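Here are the chains, one letter per residue:
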Amino acid sequence: MAETASWHVYPLRVRYEETDQMRVVFYGNYLTWFEIGRTEMIRHVGFPYRDIEAAGLMLPVIDVDCRYLKPARYDDVVLICTRIADMSAARLAFESQARLGTEAHMAAGSRIMSEEELAGCELLAAGGTRHMWVNASFKPTRLERAMPELHTWLQNNVQVER
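Residues numbered from 1 in each chain as written. Predicted model: local features only at pLDDT ≥ 70, side-chain atom pairs only at ≥ 80, totals over all residues. Heavy atoms only, no water.

Asker: I would appreciate a short explanation of the overall build of the protein chain in the present structure.
Answerer: Summing up its helical and strand segments, the protein chain has six helices and six strands in all. Element order for the protein chain, N to C, with α for helix and β for strand: β-α-α-β-β-β-α-β-α-β-α-α. Relative to the compact-globule value of 15 Å for 162 residues, the protein chain shows a C-alpha radius of gyration of 16 Å, a close match. Taken along its principal axes, the extent of the C-alpha atoms in the protein chain is 45 × 35 × 25 Å. Across the 162 residues that make up the protein chain, the buried fraction comes to 44%. Across the protein chain, the fraction of contacts at a sequence separation of at least 24, relative to all contacts at a separation of at least 6, is 79%. (Helix = DSSP H or I, 4+ residues; strand = E, 2+ residues; numbered from the N terminus. Rg over C-alpha atoms; globule rule 2.2 N^0.38 Å. Buried < 20%, exposed > 50% of the residue type's maximum accessible area, 1.4 Å probe, protein only. Contact = heavy atoms within 4.5 Å.)

Asker: What am I meant to see in the pairing of strand S6 (residues 123–132) here?
Answerer: Across a regular strand the side chains alternate sides, sitting on one face of the sheet and then on the other. Of all ten residues in S6, nine are buried, a share of seventy percent or more. Two strands pair when backbone bridges link them, and strand S2 (residues 61–68) and S6 are joined in this way by seven bridges, in the antiparallel orientation. From the neighbouring strand, aspartate 65 faces S6, where its bridge partner is glycine 128. Looking at chain direction, strand S4 (residues 91–100) and S6 are connected through nine bridges and run antiparallel. Bridged to glutamate 95 within S6 is glycine 128. (Pairing = 2+ DSSP bridges.)

The following block contains the structure:
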């Protein structure tokens, strides 16, 4: 599939507790933000994790990467940008970014934005996570059998090839 340019964007404000002694966001918090982005994107399209787990599915992280480019600081508005990077019947990969946003972004809330709309928002960190679908016993599970409607949505929304 060719690369397209839309992201689910979830704005948040940096809390004081998320900063370190250097007064910048502690690096581990970006991974928490990536998780917030994933869950909010899936919720936004009608598949809250609560429903996914009720169907007997879990989605543990099996790999993660993050490149830190510029620091976020206390009280900044940060846009957590998330999209589906790749998928198979048993695996799912997300691409994530943290970008510096504005008060207008905060007021607009969770939404889909194009690459062009995000162009003026400075990139702070970029990376992604890779996951495997498993059942309650942590045995690999094929999504198209367990939750075909979610499988179809994911297939139709893969954004980039890896």
